[in-house]
Amino acid sequence: MSDTATATHDDGHAGLVIENKKLLMWLFLGSDCMFFGTLISTHLIYRKLYPEAYDPLTVYDLELTSFSTFILLMSSFLMALAVSAMHKGELKSFRRNTIGVIFFGLIFLACQVYEFAHFTNEGLTLSTNTFGSTFYLMTGTHGVHVAIGIFWLLCMYFYSYTGKMDAHESAVDVEVAGLYWHFVDIVWIVIFTAVYLIEYI
Amino acid sequence: MSEADYNPLPVAPEAHQDSETEKYHTFVNLALALAAITGVELVLVYLPFHDVLIFSLLLALSLFKFVAVIAWFMHLIYDKLILTLVFGTGMAIATGTFVALGFILSRSNVDMDAITQF
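What you see is a predicted model; the values in this text were computed from it and never measured.

Right, let's get into the overall build of chain B. When helices and strands are counted, chain B shows four helices and zero strands. Counting helices and strands in the order they occur from the N terminus, chain B gives α-α-α-α. Out of the 118 residues in chain B, the part that is buried amounts to 21%.

Moving on: helix α3 (residues 91-121) of chain A. Residues and elements named next belong to chain A. With 31 residues, α3 ought to run about 45 Å at 1.5 Å a step, and its terminal C-alpha atoms sit 45 Å apart, in line with that. Every buried residue of α3 is accounted for by Leu-91, Phe-94, Arg-95, Asn-97, Thr-98, Val-101, Ile-102, Phe-104, Gly-105, Phe-108 and Phe-119. Of the surrounding secondary structure, the elements contacted by the buried residues of α3 are α2 (62-88), α4 (130-159) and α5 (167-196). Downstream of α3 by a residue or two, Gly-123 has a phi angle that is positive, lying close to 100°.

The next point concerns the nonpolar core. Counting residues in each nonpolar core, the largest one holds 65 residues, and the members touching the most others are Ala-82, Val-101, Val-174, Tyr-180 and Ile-191 of chain A. Looking at this core, the elements that each hand over two or more residues are α1 (20-49), α2, α3, α4 and α5 of chain A together with α1 (14-44), α2 (51-73) and α3 (81-104) of chain B. Per-element tally for this core: the top contributor is α5 of chain A, with 19 residues. Looking at this core, you find at least three residues from each of domain 1 (16-79) and domain 2 (80-110) of chain B. Aside from chain neighbours lying at most four places away, what touches Val-174 of chain A is Ala-82, Val-83, Met-86, Phe-94 and Met-156 of chain A.

Each partner contributes residues to the interface: chain B has 54 residues there, and chain A has 47 residues. Broken down by secondary-structure element, the contributors of at least two residues to the side of chain B that touches chain A are α1, α2 and α3 of chain B. Partitioned by chemical class, the residues of the side of chain B that touches chain A number 35 nonpolar, 11 polar and eight charged.

Once that is clear, we can look at unusual backbone geometry. Backbone geometry at His-75 of chain B places phi at a positive 65°, although glycine is not the residue there. By the element assignment, His-75 of chain B lies in the loop between α2 and α3.

Conventions and cut-offs
Residues numbered from 1 in each chain as written. Chains lettered and ligands numbered in written order. Predicted model: local features only at pLDDT ≥ 70, side-chain atom pairs only at ≥ 80, totals over all residues. Helix = DSSP H or I, 4+ residues; strand = E, 2+ residues; numbered from the N terminus. Buried ≥ 20, exposed ≤ 12 C-beta atoms within 10 Å, placed from the backbone. Expected span 1.5 Å × (residues − 1). Contact = placed C-beta atoms within 7 Å. Core = buried A, V, L, I, M, F, W, Y, C linked by C-beta atoms within 7 Å. Domains from an automatic or database assignment. Nonpolar A, V, L, I, M, F, W, Y, C, P; charged D, E, K, R; others polar.

This is the structure:
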């Protein structure tokens, strides 16, 4: 970063107007939007073209999926608190909230594994029909994103014990990880409505 | 966790602390609203209302959750406009792709007999 840039951020930090890491993460999220947009579009279009291919209501468990959604939303809340704690320089609060996010993320993944196992037992696999292919690809890709987020946050959690965390730079790093986590959450908000809830109408 | 493990970071300026405290209350309120909306969505699909009404309500609630997380949890309303534009471009292309594919691959435009052979 240039030492000559002295503009002040809205959040009180001195430095460049936008940190490079943050801008790059937003660019990545914009491209990831297109990626998930394509996956969700493919699923919905195949559902429209082949409505008779499969009746998902025979396998869906809306209560479980709603619980997963709630868990992911609350993990987003804790992530926002972790970012806020880091901006205030409260390392203990950051660790507490980050562990909460990791725990909730693991619960979400466990629910997804349970759901996949249940679907497979009911005869719906990746190669059963177009519904199975697009459903597993879309929700599986989202699950991989959640797993990467958990790994990333675990790394940050353990890194916080090394004593190498710098007040401003680490706050930006945590904020970037937070952006990724919130993105995973908003993708699920769309999937929950477009893939699960709509089927019940 | 022992106290020895805790490495305090430099304390942020007082004005910054105040803005973070203000954000904390916003985050709590938003989290409660998001949880309540998810509950409402779950109940909505079982209510005996017209499909179009249920669909519209689900769409509106989902859109609210989506925008709220981006605006407050992802700090987009506190950040520079360029970040909104960067993300908005990706969103616009994704939405455009969905709408375009929806029209191109509608049942009236697709030869169903031909593709079902595969």
